[in-house]
Amino acid sequence: LDKGAAGVLITLPSSEPPDLVVEMLAALPRERVCLIVPWAGARDGPSALSLEAAVRLAAAPIEKAGKPLVALVGALLVNVSLPPTDTAAADGAALLAEPLRQLGKALKLKIRLGFDGLAPSVGDAGALHCADIAVHACVAVATPLGAKVTLVEPASVGAALVACARTDRADGLLTTVVVDEGGVCLGLVYSSAESVQESVRAGRGIYFSRSRNSLWRKGDTSGATQELQRIEVDCDSDALRFTVRQLGEPPAFCHLGTRTCWGEARGLHALQRTLQARLASAPAGSYSAKLFADPTLLRHKLLEEAQELIEATEPDHVAAEAADMLFFLMTRCVAAGVGLADIERHLDKRTLKVKRRPGLAKEHRVRAAEEQLGIAHARPAGKAGASGWAKLGVVVVAVGAAALLSARSLAQR
C-alpha cells in the first residue's frame, strides 16, 4: 500500500484463529481492503439472498470473531466462474447487476464484480476502473495507482460494464461525462454498448453520435484524439465518466477549438497551457521565455517568492503571493516537461501511504537555502532538531528586507 497500491484483494484463511485474522485486517485501512467472495451460481438464479450466503462463507473468520464486516472491509469482489462462451461476461453482469446493488445496500459496502476468465497484465492500453459496480479481473492482488491494465478480452469487459449500468432513455444510450486527468469536465456525450466496448478495446475515447446515428471516434477528423485512462459508473449506475488524456494541436475537446465545451480552461490549467505555448514559441520580450533561458534567474525567483509567501499574513496577500509562487513553480515544471497531471499523480499516490514520515525539515537543505540567500548568522547550539518551520522563520526574518523585487511588482511586468 505504501508503494501506491490502490487496494488489496484478499481471501480469509479458515485455518487461522479468527482473532488473528481480525488483528491483521485491523492494521489496514478498511476502505482499501476488498474481500474476494467466490460465487459459482445458484440453481434458481442469482439473488441478493444467495449472494449474501456466499459472503457469510467467505467472511466466516470475521463473523466468528464477533466483528461486523463493514468495520474491517471496504468492498467485496464477487468472483464469478464463467462458462467458456463469448458472451459470458456480459450475460453474467446483466444477471448479477441488480442483486449486487441490493446486496451492497444491505451490507453498506461497495460491491465489485470479477470474472475468473479475464486475466490482467500490465501494459500500455487504457485502464478500466469502476466506482460502484465494478468489473474486475481477479488475478492481481493489487493494482498500483496509475498502472494501466490490459484485459485479455476487452470487448467482453466493455459489454459487462454496460450491463452493470442502466438508462431510462428510449434509445438505450448512456449519458457520459468526459473529463481530463485532473477531473476537469471537457464535455457531455452519449455512449452505446458498442461504443463502450470499442473504447475499451482501442484504449481511446469512442462515443455515439446521435446526429449521425453511428460511432463517433473522437479525433478521427480533427486529430484531437483521446487516450482512455478510466471508465467509471456513477453512484446510481445511470451515467458514465470517461477520464481521458486529451491530445491534438491544440488539445481541444470542443469542435470550436477550445479545451472544453464551456470555453477555455482557467486557473492553473490555463497557466500551464500558456507556459507550454511560450516554451514552444514565445513572442519578443516574453518574461516566460527569459525564465526558460535563464535557470539561475528562475531558481532565484523561486527562493524569493517562497520567502514572500511565508511572510504574508493577510488572506488576500497570502493568495497573491501564492499565485506568484505558482507562476514560477509551473514555469520550472513546464521547463522540465512536467504537467499538472504528473504532479497530481504523485499527490494521489502519497495519499495512499499507510506509514507516514515525521516531515521534519532537512538540515542540509536549510543550510543550502541560507547559502543561496547569502545568510550569515550563527545557529544556536543544540537547535539542529528544531521544527523546520521555526528554522525557516529565522531565515525569513533575516532575508525579508533583502528581497530585490516584490512578487506583486514582478507580476505587473
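Numbers given for residues are sequential positions, taken from 1 along each chain in its written order. With pLDDT at 70 or above as the cut-off, local features in this predicted model cover only qualifying residues; side-chain atom pairs require 80 or more to be listed or tallied, and sums for whole chains, interfaces and linings still use all residues. With hydrogens and water excluded, all non-hydrogen atoms of the structure serve as input to the side-chain values.

## Remarks on helix α6 (residues 193–202)
Count 3.6 residues to each turn of an α-helix, and residues three or four apart come out pointing the same way. Counted only if it meets this: Residue burial is assigned from relative accessible area. The probe radius is 1.4 Å, only protein chains are included, and a residue is buried under 20% of its type maximum, exposed over 50%, and partly exposed in between. A helix here means a DSSP run of H or I that spans at least four residues, while a strand means a run of E at least two residues long, and both kinds are numbered starting from the N terminus.
Those residues of α6 that fall on the buried side of the exposure criterion are S195, V196, E198, S199 and V200. A positive phi of about 70 degrees marks G203, the residue just after α6.

## Thoughts on the pattern of salt bridges
Operational definition: Whenever a carboxyl oxygen of Asp or Glu lies within 4 Å of a side-chain nitrogen of Lys or Arg, that contact is scored as a salt bridge.
Evaluated as defined, the whole model comprises 12 salt bridges. Measuring nitrogen to oxygen at the nearest pair gives 2.7 Å for the salt bridge that ties R169 to D171. Residue classification places D171 among the partly exposed positions, given a relative accessible area of 43%. Here R367 and E363 are joined by a salt bridge, their closest N and O atoms 3.6 Å apart. One end of the pair is R367 and the other is E363, both in helix α12 (residues 363–373) and 4 residues apart, which spans about a single turn. A cluster of three or more residues bridged by salt bridges with shared partners is formed by E198, R201 and R217.

## Section: helix α10 (residues 315–335)
Inclusion rule: To estimate the expected span of a helix, count its residues, drop one, and scale the result by 1.5 Å.
If you check α10, its first and last C-alpha atoms are 30 Å apart, about what 21 residues at 1.5 Å a residue would give, namely 30 Å. Turning to α10, its buried residues are E321, D324, M325, F328, M330, T331, C333 and V334. The first or second residue beyond α10 is G337, which carries a positive phi of 75 degrees.

## Some details on the pairing of strand β3 (residues 75–80)
In regular strands, side chains alternate between the two faces of the sheet. Threshold: DSSP calls a pair of strands paired once it identifies at least 2 bridges connecting them.
With 6 of 6 residues buried, β3 is to be regarded as a mostly interior element. Residues of β3 alternate between two faces, with A75, L77 and N79 on one and L76, V78 and V80 on the opposite face, all of them buried. Here strand β2 (residues 33–39) runs beside β3; their pairing, made up of 6 bridges, is parallel. Opposite I36, over in β3, you have L77 as the bridge partner.

## Considering the pairing of strand β9 (residues 185–191)
Burial analysis of β9 places 5 of its 7 residues in the buried class, which makes it a mostly covered element. In this sheet, β9 lies alongside strand β8 (residues 174–179) in antiparallel orientation, the contact comprising 6 bridges. By the bridge assignment, V178 is partnered in β9 with G187. Count of turn residues in the β8/β9 antiparallel hairpin: 5 residues, of which G183 carries a positive phi of about 85 degrees.

## Describing the sheet that holds strand β12 (residues 226–233)
Inclusion rule: Whenever a helix is involved, its axis is fitted only over the stretch in contact; in every case the axis is a line through C-alpha atoms, and angles between N-to-C directions fall within 0 to 180 degrees. Contact definition: two residues touch when any of their heavy atoms are within 4.5 Å.
On the basis of which strands lie adjacent, the open sheet formed by 4 strands has the order β9-β8-β13-β12 and mixed pairing. Here the strands that pair on one side only, and so sit at the sheet edges, are β9 and β12. Ignoring which end each strand starts from, the neighbouring axes of this sheet average 25 degrees apart. The sheet strands contacting α6 are β9, β12 and β13 (239–246), and the helix crosses β12 at an angle near 125 degrees.

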